[in-house]
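Next come the chains, spelled out residue by residue.
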Amino acid sequence: MRPIFKFIATFGPVGYVPIAPATAGSAVVALIGWFLPSTDLLSTAALLAVGTVVAAWIAGEAERDLGKDAKPIVIDEAVGQSIALLFVPHSIPAFMLAFLLFRVFDVWKPLGARQIQKLEGGTGVVADDVIAGLVACGVFHAGWWAVRSWGWTS
């Protein structure tokens, strides 16, 4: 059963790309997100809550073989990038900006993300990406609101 945890936690081969596996994982999630239909807020929140718990469990199991927050574990990017993409307009520039914001905040680790990452097991692996995703989502939507308020878009 343990190989399946590693496979899911690494998105198969994605977590093993030689350069920037987390970025590759985020890109795969953004690409998948492009093709998924929008859902209502309640369904989205429920899917994210369940997905976060499952991702933390799988990441914790994968750590047993791969090590503490090992680079190949990219299931945490699935959670964080999904949060960053919440209610982003379905346009290539908007998706690219949400992707870039998440990557910046995942690396920067604002608002205690660096400290929360030290939590044991998969909780620490996923929690910092949740923070990065929330910050990226907030920054995106604040910027989007400002752009629309100033009349720069229809």
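Quick look at the structure, then. (Residues numbered from 1 in each chain as written. Predicted model: local features only at pLDDT ≥ 70, side-chain atom pairs only at ≥ 80, totals over all residues. Heavy atoms only, no water.)

### Considering the environment of Leu-101
Link 1 in the chain: Within the secondary structure, Leu-101 sits in helix 5 (residues 92-108).
Link 2 in the chain: The exposure class of Leu-101 is buried, given its relative accessible area of 15%.
Link 3 in the chain: Between the alpha carbons of Leu-101 and Ala-132 there is a distance of 8.6 Å; along the sequence they are 31 residues apart.
Link 4 in the chain: Ignoring sequence-local partners within four residues, the contact set of Leu-101 consists of Ala-136, Val-139 and Phe-140. (Helix = DSSP H or I, 4+ residues; strand = E, 2+ residues; numbered from the N terminus. Buried < 20%, exposed > 50% of the residue type's maximum accessible area, 1.4 Å probe, protein only. Contact = heavy atoms within 4.5 Å.)

### Comments concerning the packing of helix 5 against helix 7 (residues 121-149)
Two packed helices can be described by the angle between their axes and the distance between those axes.
Link 1 in the chain: Contact geometry of helix 5 with helix 7 gives a least axis separation of 8 Å together with a crossing angle of 135°. Classed by the angle they form, the pair helix 5 and helix 7 counts as oblique. Handedness of the helix 5/helix 7 crossing: right-handed. Between helix 5, through Ala-94, Leu-97, Ala-98, Leu-101, Phe-102, Phe-105 and Asp-106, and helix 7, the contact on the second element is made entirely by Asp-128, Asp-129, Ala-132, Gly-133, Val-135, Ala-136, Val-139 and Phe-140.
Link 2 in the chain: The residue makeup of the contact of helix 5 with helix 7, split by class, is 11 nonpolar, 1 polar and 3 charged. (Axes fitted to C-alpha atoms, helices over the stretch in contact; angles between N-to-C directions. Parallel < 35°, antiparallel > 145°, perpendicular 65-115°, else oblique. Left-handed = near helix turned anticlockwise from the far one by under 90°. Nonpolar A, V, L, I, M, F, W, Y, C, P; charged D, E, K, R; others polar.)

### Considering the packing of aromatic side chains
Link 1 in the chain: Taken as a whole, this structure holds 4 aromatic pairs when the rule is applied.
Link 2 in the chain: Aromatic side chains Phe-5 and Trp-57 sit 5.0 Å apart centroid to centroid with 80° between the ring planes, which places their arrangement in the edge-to-face category. With Phe-5 in helix 1 (residues 2-9) and Trp-57 in helix 3 (residues 41-66), this residue pair connects regions lying 52 residues apart in the sequence. (Phe/Tyr/Trp six-rings, centres within 6.5 Å; stacked < 30°, edge-to-face > 60°.)

### Thoughts on a nonpolar patch on the surface
Link 1 in the chain: Where nonpolar side chains cluster on the molecular surface, the patch consists of Ile-4, Phe-7 and Ile-8 and spans about 260 Å² of accessible area.
Link 2 in the chain: Assignment of secondary structure puts Ile-8 in helix 1.
Link 3 in the chain: Given the relative accessible area of 34%, Ile-8 is considered partly exposed. (Patch = residues over 30% accessible without salt bridge, like charges linked within 9 Å, V, L, I, M, F, W, Y side chains within 5 Å. Areas by Shrake-Rupley, 256 points an atom, 1.4 Å probe, with all protein chains shown as cover. Salt bridge = Lys/Arg side-chain N within 4 Å of Asp/Glu carboxyl O.)

### With respect to the environment of Gly-133
Link 1 in the chain: Structurally, the position occupied by Gly-133 is in helix 7.
Link 2 in the chain: For Gly-133, a relative accessible area of 0% puts it in the buried group.
Link 3 in the chain: It is 5.0 Å that separates the C-alpha atoms of Gly-133 and Ile-83, two residues lying 50 residues apart in sequence.
Link 4 in the chain: With residues near it in sequence (within four places) discarded, Gly-133 still touches Gly-80, Ile-83, Ala-84 and Phe-102.

### Looking at helix 5
Link 1 in the chain: Counted at 1.5 Å a residue, the expected span for helix 5 with its 17 residues is 24 Å, and the 24 Å between its end C-alpha atoms agrees.
Link 2 in the chain: Taken residue by residue, helix 5 has Ala-94, Phe-95, Ala-98, Phe-99, Leu-101, Phe-102, Arg-103, Phe-105 and Asp-106 as its buried positions.
Link 3 in the chain: Tucked into the core, helix 5 has its buried residues touching helix 2 (21-35), helix 4 (75-84) and helix 7.
Link 4 in the chain: For helix 5, the capping residue at the N-terminal end is Ser-91, with a side-chain oxygen 3.2 Å from the backbone nitrogen of Ala-94.
Link 5 in the chain: One or two positions beyond helix 5, positive phi appears at Lys-109, with a value near 60°. (Expected span 1.5 Å × (residues − 1). Polar contact = N/O pair within 3.5 Å; in protein donor to acceptor, adjacent residues only side chain to side chain.)

### Remarks on the pattern of salt bridges
Link 1 in the chain: Under the criterion given, the structure shown has 7 salt bridges.
Link 2 in the chain: For Lys-68, the salt bridge identified is with Glu-63, shortest N-O distance 3.9 Å.
Link 3 in the chain: For Lys-109, the salt bridge goes to Asp-106, with nearest N and O atoms at 3.5 Å. Per residue, the accessibility class of Lys-109 equals that of Asp-106, and both read buried.
Link 4 in the chain: Taken together, the salt bridges that share partners define one network made up of Glu-77, Arg-103, Asp-106, Lys-109 and Asp-128.

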